[in-house]
Amino acid sequence: MAILERSTPLKIPVWTLGILNVLDGMLTFFGLSLGYITEGNPLLSSLSPFAILTIKLFLSLCLFSLLLTPFIAIRARHWRYLLLSANILYFMILILHASWLILVAIA
């Protein structure tokens, strides 16, 4: 397992980002569909919840497709830091979505 991790240093961050993006899309879809939240991204705010979910799923497929390319074996630290930053940002967004949905469920 350690040999696999050394040969593909970006595998886990890319997988994590793809999964977090799918979860963000699903929570956004449910929150928008039920009228609990509004889309904060000005590029997506004019689209329907289904269109936003579709875009998020497509972007996740694009991320997962990176796993099949030589990109995944790049060892440059700046790519790892960029992916780590994106993962942290998405994780914070998911916490925000989850707290909104919990607050709405309690109310």
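Parameters and conventions
- Residues numbered from 1 in each chain as written.
- Predicted model: local features only at pLDDT ≥ 70, side-chain atom pairs only at ≥ 80, totals over all residues.
- Heavy atoms only, no water.
- Patch = residues over 30% accessible without salt bridge, like charges linked within 9 Å, V, L, I, M, F, W, Y side chains within 5 Å.
- Areas by Shrake-Rupley, 256 points an atom, 1.4 Å probe, with all protein chains shown as cover.
- Salt bridge = Lys/Arg side-chain N within 4 Å of Asp/Glu carboxyl O.
- Helix = DSSP H or I, 4+ residues; strand = E, 2+ residues; numbered from the N terminus.
- Buried < 20%, exposed > 50% of the residue type's maximum accessible area, 1.4 Å probe, protein only.
- Contact = heavy atoms within 4.5 Å.
- Core = buried A, V, L, I, M, F, W, Y, C linked by side-chain atoms within 4.5 Å.
- Axes fitted to C-alpha atoms, helices over the stretch in contact; angles between N-to-C directions.
- Parallel < 35°, antiparallel > 145°, perpendicular 65-115°, else oblique.
- Left-handed = near helix turned anticlockwise from the far one by under 90°.
- Nonpolar A, V, L, I, M, F, W, Y, C, P; charged D, E, K, R; others polar.

Trainee: Can you help me understand a nonpolar patch on the surface in this one?
Mentor: A contiguous nonpolar patch, built from Trp15, Ile19, Leu23, Met26, Phe30, Leu34 and Tyr36 and spanning about 680 Å² of accessible area, is present on the exposed surface. Within the secondary structure, tyrosine 36 sits in the loop between α2 (11-33) and α3 (49-65). A residue is classified by how much of its surface remains accessible, and tyrosine 36, at 44% relative accessible area, is partly exposed.

Trainee: How should I be thinking about the side chain of asparagine 21 in this particular structure?
Mentor: By secondary structure assignment, the location of asparagine 21 is in helix α2. Aside from chain neighbours lying at most four places away, what touches asparagine 21 is Lys56, Leu59, Ser60 and Tyr90.

Trainee: What am I meant to see in the pattern of salt bridges here?
Mentor: One pass over the structure, following the stated rule, counts one salt bridge. Aspartate 24 is the salt-bridge partner of lysine 56, the closest N and O atoms lying 2.6 Å from each other. Residue lysine 56 is located in helix α3, and its partner aspartate 24 is located in helix α2; the two are separated by 32 residues in the primary sequence. We note that lysine 56, like aspartate 24, is buried.

Trainee: I'm lost on the environment of leucine 61 in this one. Help?
Mentor: Structurally, the position occupied by leucine 61 is in helix α3. The exposed category is assigned to leucine 61, whose relative accessible area is 58%.

Trainee: What exactly am I supposed to notice about the environment of proline 13 here?
Mentor: Secondary-structure assignment places proline 13 in helix α2. For proline 13, a relative accessible area of 17% translates into the label buried. Not counting the four nearest positions on each side in its chain, proline 13 is found in contact with Leu83 and Asn87.

Trainee: Explanation requested: the nonpolar core in the structure shown.
Mentor: What tends to happen in soluble globular proteins is that the nonpolar side chains get buried as a cluster. Leu10, Val14, Leu17, Leu20, Leu63, Leu67, Phe71, Ile72, Leu83, Tyr90 and Leu94 together form the largest nonpolar core, which totals 11 residues. Secondary-structure elements contributing two or more residues to this core are α2 and α4 (77-106). Beyond its immediate stretch of four places on either side in the chain, leucine 20 contacts Asn87, Tyr90, Phe91 and Leu94.

Trainee: Looking at this model, I keep getting lost on the packing of α2 against α4. Mind explaining?
Mentor: Each pair of packed helices can be described by the angle between their axes along with the distance between the axes. With their axes 9 Å apart at the nearest point, α2 and α4 run at an angle of 25 degrees to one another. Here α2 is positioned roughly parallel relative to α4, judged by the angle of their axes. As α2 runs across α4, the sense of the crossing is left-handed. Taking contact as the criterion, the partners of Pro13, Val14, Thr16, Leu17, Leu20, Asn21, Leu23, Asp24, Leu27, Thr28 and Gly31 in α2 are, on α4, Leu83, Ala86, Asn87, Tyr90, Phe91, Ile93, Leu94, His97 and Leu101. Broken down by class, the residue content of the contact of α2 with α4 amounts to 13 nonpolar, six polar and one charged.

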